Amino acid sequence: MTGQRTAVPAESAASGAATIGITIGALAVSTTGVFVALAQAPTVVSTFYRCALAVPVLVAVAWWETRRNGLLDRREAWLAIACGVFFAADMFLWGTAVLEAGAGLTTVLVNVQVVVVPLVAYLVDRELPGRRMVFALPVMVVGLIAASGVLQQGTTGHNPMLGAVHAILAGVCYSGFLFLLRRSGRQGRTMQTYAIAIVIPALAGLGWGLLRGLSSTLHVDGPALGWLALTALTGQGIGWLLIARYSHRVPSGVNATLLLLTPVGALLLGAVILGERPALLQIVGSALILAAAYGVSVRREATSAPQPISAEEPARSNR
């Protein structure tokens, strides 16, 4: 009996795998806030440990990449350093903004990346965002505002105006980090770029702590160190490695949209692990973000029907 199979374009399969990889990465990164909260460590200390503990694994992965694709050239190395500077600035500004303006408002403003990254990609690379991204953007913004809880709780920090400024700056730095990280994937040397990018926040956290006389606070107890090690594994390790590996394989708008799954995942984990109870509006906002992410990332079927492949004639794989 002769069966028939449908040929799946290699580009579509690669895009699907990249979407899955970024989704898993974003959900892994969403554990960061919960684990840092359980560690109950100051921002500088948590930044240092969650980056420093990830460095050995990332260096090993980067070394493996150099054997396959070669070392970064001088220009790529400078871009990797810039990527790390953006990442470090984002971490410190985000931590400051949370204290000044509260987590809700900070979450909304930091995720300005969903607009900034596609805009930068258009200005620099002439990459058009696509109609679905344009239509989904208002839905994502409304969903993000609702999911953040800012509509119910307002601002809980002691200086909302300054916190908003710091949160917007953090969002711009986050966008710069994402754009440069995505660009590095085109040369097949993303792991080296990310390894360098993660070393810089670790050094910045250590240097800032020593400068402020916080050397004694770099010592944390066993449980706190355990939570920070778990953060390094899931967020800085698995999560961002997957995002770094796959982000260049999808349009910048799709990548930015999928990363909005991070606050949604954090909301769900907060409910399960920390016992936090999200409001109905937060659940609705999360649903809007999920719907927008699905609508933007799911690939449209080709207008022409794919050619059937006979069972006796196996499909050729593109290598």
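These figures come from a predicted structure and were not determined experimentally.

### Some remarks on the packing of helix α3 (residues 43–52) against helix α12 (residues 222–246)
Next, step 1: For the pair α3 and α12, interaxial distance at closest approach is 8 Å and the crossing angle is 55 degrees. On the basis of the axis angle, α3 is oblique to α12. As for the relative orientation of α3 and α12, their crossing is right-handed in sense. Of α12, the residues touching α3 (which contributes Ser-46, Tyr-49, Arg-50 and Cys-51) are Leu-225, Leu-228, Thr-231, Ala-232 and Gln-236.

### Some words on the nonpolar core
Next, step 1: Ranked by size, the top nonpolar core spans 56 residues in total, and within it Phe-177, Tyr-194 and Trp-240 carry the most contacts.
Next, step 2: It is helix α10 (residues 160–184) that contributes the most residues to this core, nine residues altogether.
Next, step 3: Dropping the residues within four chain positions of it, Trp-240 is found in contact with Val-29, Phe-87, Tyr-174, Phe-177, Leu-178, Leu-181, Tyr-194 and Gly-235.
Next, step 4: Of all hydrophobic cores here, the second largest spans nine residues; its members include Ala-39, Ala-41, Val-45 and Leu-218.

### A short note on the environment of Val-134
Next, step 1: Its place among the elements puts Val-134 in helix α8 (residues 131–148).
Next, step 2: Separated by 119 residues in sequence, Val-134 and Gly-253 place their C-alpha atoms 9.1 Å apart.

### Digging into the packing of aromatic side chains
Next, step 1: Across all of its chains, the model carries six aromatic pairs by this definition.
Next, step 2: Each ring, one from Tyr-174 and one from Trp-240, has its centre 6.2 Å from the other, and the planes form 85 degrees; the classification is edge-to-face. Pair noted here: Tyr-174 is in helix α10 and Trp-240 is in helix α12, with a separation of 66 residues, a long-range link. Taken individually, Tyr-174 and Trp-240 each receive the classification buried, so the pair is uniform in this respect.
Next, step 3: By the ring-pair criterion, three or more aromatic residues cluster together here, those being Phe-87, Tyr-174, Phe-177 and Trp-240.
Next, step 4: For Arg-126, the ring lying beneath its charged end belongs to Tyr-122, and the centroid distance is 5.4 Å.
Next, step 5: Lying over the aromatic face of Tyr-246, Arg-245 brings its terminal NZ or CZ to 5.7 Å of the ring centre.

### Considering the side chain of His-166
Next, step 1: Mapping His-166 onto the fold places it in helix α10.
Next, step 2: Overall, His-166 belongs to the buried group, its relative accessible area being 17%.
Next, step 3: Ignoring anything within four residues of it in the chain, the contact list for His-166 reads Leu-93, Thr-96, Ala-97 and Glu-100.

### Side note on the confidence of the model for the protein
Next, step 1: Chain-level pLDDT for the protein is 80 on average; 83% of the residues reach the 70-or-more range.
Next, step 2: Per-residue pLDDT stays below 50 along residues 1–11; that stretch engages in 22 contacts with residues further than four places along the chain or on separate chains.

### Things to note about the pattern of salt bridges
Two side chains with opposite charge may pair up if their charged atoms get near one another.
Next, step 1: One pass over the structure, following the stated rule, counts three salt bridges.
Next, step 2: With a shortest N-O distance of 2.5 Å, Arg-183 and Asp-125 are connected by a salt bridge. Residue Arg-183 is found in helix α10, and its partner Asp-125 is found in helix α7 (residues 113–125); the two are separated by 58 residues along the sequence.
Next, step 3: By relative accessible area, Arg-183 is classed as partly exposed at 24%.
Next, step 4: When its relative accessible area of 22% is taken as the criterion, Asp-125 is described as partly exposed.
Next, step 5: Two residues, Arg-182 and Glu-127, come together in a salt bridge whose shortest N-O distance is 3.2 Å. In this pair, Arg-182 is assigned in helix α10 and Glu-127 in the loop between α7 and α8, connecting sequence segments 55 residues apart.
Next, step 6: Under the relative-accessibility criterion, Arg-182 is labelled buried at 6%.

Definitions and limits used
- Residues numbered from 1 in each chain as written.
- Predicted model: local features only at pLDDT ≥ 70, side-chain atom pairs only at ≥ 80, totals over all residues.
- Heavy atoms only, no water.
- Axes fitted to C-alpha atoms, helices over the stretch in contact; angles between N-to-C directions.
- Helix = DSSP H or I, 4+ residues; strand = E, 2+ residues; numbered from the N terminus.
- Parallel < 35°, antiparallel > 145°, perpendicular 65-115°, else oblique.
- Left-handed = near helix turned anticlockwise from the far one by under 90°.
- Contact = heavy atoms within 4.5 Å.
- Core = buried A, V, L, I, M, F, W, Y, C linked by side-chain atoms within 4.5 Å.
- Buried < 20%, exposed > 50% of the residue type's maximum accessible area, 1.4 Å probe, protein only.
- Phe/Tyr/Trp six-rings, centres within 6.5 Å; stacked < 30°, edge-to-face > 60°.
- Lys NZ or Arg CZ within 6 Å of the ring centre and 35° of its normal.
- pLDDT = per-residue confidence, 0-100.
- Salt bridge = Lys/Arg side-chain N within 4 Å of Asp/Glu carboxyl O.

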